[in-house]
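An overview of the molecular structure
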Amino acid sequence: PENKHEEKVQDPDRGEDETKADMGSKTWADLAGEMKMFLWNPEERTCLGRTAKSWGLIFLFYFIFYSCLAGMFAFCLYVMLLTLSPYTPTYRDRVSPPGVMIRPYLNGFTIAFNVSQPSTWQPYVDSMHHFLAAYDDKVQEEKNIECVSGQYFIQGGNESEEKKACQFKRSLLQNCSGIEDPTFGYSKGQPCILLKMNRIIGYRPGAGVPVSVDCKVQKGNESNLRSVDFYPGNGTFDLMYYPYYGKFTHVNYTSPLVAMHFTDVKKNYVVPIQCSLNGKGIINNVNSDRFLGRIIFTLNIGK
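So, how was this worked out
Residues numbered from 1 in each chain as written. Predicted model: local features only at pLDDT ≥ 70, side-chain atom pairs only at ≥ 80, totals over all residues. Heavy atoms only, no water. Helix = DSSP H or I, 4+ residues; strand = E, 2+ residues; numbered from the N terminus. Rg over C-alpha atoms; globule rule 2.2 N^0.38 Å. Buried < 20%, exposed > 50% of the residue type's maximum accessible area, 1.4 Å probe, protein only. Contact = heavy atoms within 4.5 Å. Areas by Shrake-Rupley, 256 points an atom, 1.4 Å probe, with all protein chains shown as cover. Lys, Arg positive; Asp, Glu negative; His and termini not counted. Charge placed at Lys NZ, Arg CZ, Asp CG, Glu CD. Pairing = 2+ DSSP bridges. Axes fitted to C-alpha atoms, helices over the stretch in contact; angles between N-to-C directions. Phe/Tyr/Trp six-rings, centres within 6.5 Å; stacked < 30°, edge-to-face > 60°. Patch = residues over 30% accessible without salt bridge, like charges linked within 9 Å, V, L, I, M, F, W, Y side chains within 5 Å. Salt bridge = Lys/Arg side-chain N within 4 Å of Asp/Glu carboxyl O. Disulfide = S-S within 2.5 Å.

Each helix and strand counted, the protein chain has five helices and nine strands in total. For the protein chain, the sequential pattern of α-helices and β-strands runs α-α-α-β-β-α-α-β-β-β-β-β-β-β. Whereas a compact globule of 303 residues would reach a radius of gyration of roughly 19 Å, the protein chain reaches 38 Å, over 25% beyond that. Its C-alpha atoms give the protein chain principal-axis dimensions of roughly 125 × 55 × 35 Å. When burial is assessed residue by residue, the protein chain has 35% of its 303 residues classed as buried. Here the analysis covers contacts within the protein chain between residues at least 6 apart in sequence; of these, 74% occur between residues at least 24 apart. Total accessible area on the protein chain is roughly 19000 Å²; 56% of this is exposed by carbon and sulfur atoms. Across the protein chain, 32 positive and 31 negative side-chain charges occur, with their mean positions spaced 13 Å apart.

This next bit is on the sheet that holds strand 1 (residues 100–103). The four strands are arranged 1-3-7-5 in an open sheet whose pairing can be described as antiparallel. The open sheet has two edge strands, strand 1 and strand 5 (225–231), and neither has a second partner. The mean inter-strand angle of the sheet, taken between neighbouring strand axes irrespective of direction, is 30°. Looking at chain direction, strand 3 (residues 192–197) and strand 7 (residues 258–265) are connected through four bridges and run antiparallel.

Okay, the packing of aromatic side chains next. Going through the model one piece at a time under the given rule, you end up with 16 aromatic pairs. With 6.5 Å between their ring centres and 85° between their planes, Tyr-87 and Phe-248 make a pair best called edge-to-face. On the criterion of sequence distance, the pair formed by Tyr-87 in the loop between helix 3 (52–82) and strand 1 and Phe-248 in the loop between strand 6 (236–237) and strand 7 is long-range, its members being 161 residues apart. On the basis of relative accessible area, Tyr-87 is assigned to the partly exposed category, the value being 25%.

Further remarks concern a nonpolar patch on the surface. A contiguous nonpolar patch, built from Phe-61, Tyr-62, Phe-65, Tyr-66, Leu-69 and Met-72 and spanning about 650 Å² of accessible area, is present on the exposed surface. One can find Leu-69 in helix 3.

On to unusual backbone geometry, then. Across the junction of Tyr-231 and Pro-232, the peptide omega takes the value -5°, indicating a cis bond. The topology assignment puts Pro-232 in the loop between strand 5 and strand 6. Unlike most non-glycine residues, Gln-174 shows phi in positive territory, near 50°. By secondary structure assignment, the location of Gln-174 is in the loop between helix 5 (137–143) and strand 3. Notably, Phe-184 is not glycine yet its phi reads approximately 55°, a positive angle.

The strand order across the open sheet built from five strands is 2-9-8-4-6, with neighbouring strands paired in mixed fashion. Because the sheet does not close on itself, it has two edges, and the strands there are strand 2 (110–114) and strand 6. Across seven bridges, strand 8 (residues 270–278) lies against strand 9 (residues 294–302) in antiparallel orientation. Within strand 9, the position partnered with Gln-274 by the bridge is Ile-296.

What follows is about the environment of Gln-151. Along the chain, Gln-151 falls in the loop between helix 5 and strand 3. Taking relative accessible area as the criterion, Gln-151 reaches 44% and is therefore assigned partly exposed. Filtering out sequence-adjacent residues up to four positions away, Gln-151 remains in contact with Asp-238, Leu-239 and Met-240.

On to the pattern of salt bridges, then. All chains considered together, the criterion is met by three salt bridges. A salt bridge links Asp-136 to Arg-170; the shortest N-O distance between them is 2.7 Å. Of the two residues, Asp-136 sits in the loop between helix 4 (118–132) and helix 5 while Arg-170 sits in the loop between helix 5 and strand 3, which places them 34 residues apart along the sequence. Taking the relative accessible area as the measure of exposure, Asp-136 reaches 27% and is therefore partly exposed. Among the salt bridges present, the one from Arg-226 reaches Asp-264, with a minimum N-O distance of 3.2 Å.

Moving on, we get to the state of the cysteines. If you walk through the whole model with that rule in mind, you get three disulfides. Bridging Cys-147 to Cys-166, the disulfide has an S-S length of 2.0 Å. Where Cys-147 bonds to Cys-166 through sulfur, the torsion about that S-S bond is close to -100°, and the disulfide is left-handed. Of this pair, Cys-147 sits in the loop between helix 5 and strand 3 while Cys-166 sits in the loop between helix 5 and strand 3; the two residues are 19 residues apart in sequence, bridging distant segments of the chain. Here Cys-166 falls in the buried class, since its relative accessible area comes to 4%. Between the sulfur of Cys-176 and that of Cys-192 lies a disulfide, 2.0 Å long from S to S. For the disulfide bridge between Cys-176 and Cys-192, the dihedral angle about the S-S bond is near -75°, and by the sign convention the bridge is left-handed. Of this pair, Cys-176 sits in the loop between helix 5 and strand 3 while Cys-192 is found in strand 3, placing the two residues 16 residues apart along the sequence. Considered together, Cys-176 and Cys-192 belong to a single accessibility category, that of buried residues.

Now the structure itself:
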């Protein structure tokens, strides 16, 4: 009986120790010590459980592995580039017919100003002068040549040879050139807007007939737009500026322009205007693309 009593006395302490061991409870000091030992074990000289030799082999393996991947990628890229020409795109099925763009282009496709407040129209004037700097007569005479009007300027030879470009002088824009009227008509409430076709390598617009431009009220009363003058000529893109051979060989090429001089637009009213290209092969009636063969913008001219 006494032995049994002693066992009963000893049982509580022993059971508590066993429970503590089974649960694996450790103090923060124990955990910190184990972590420190895991990071660096001075006895086995291991870091994160690995020796210097083991880490060296791992780094060597991944260095070789990723070097091979990079080499394979560079080789595939090199082979792909061998199949491409830097002068002519291989696939051009989604860029013809051309889209159009206007200048000035500052705050979207709304041109709004008050004639009596120069601060409202001066930014448009500055933008026009900046854009037409490349079209100055002297610049064009120095860099480009005079071409025969009314026919395509086709240039043979190797595709890597530099091509000549035809002159397009800003003086051709007449009242919208900014020469005689430096404000491009904005100070009079008769703004000039420039329209240009997007460049497409090898494209010959109009199939031998110059592409023309016309403008109308896109929605609303047609009398809101009473008069528009077009320059040069009757608002056509001369064939001599085509085809375009790309920026690497057609270095001095300047896109031809058509200036639209809105001489009589209803004042103090938002007038939506649509200007379209017209010619053989031109598409200008796709509702999902407002820039394909046409462009829509608004004029809001205050007094």
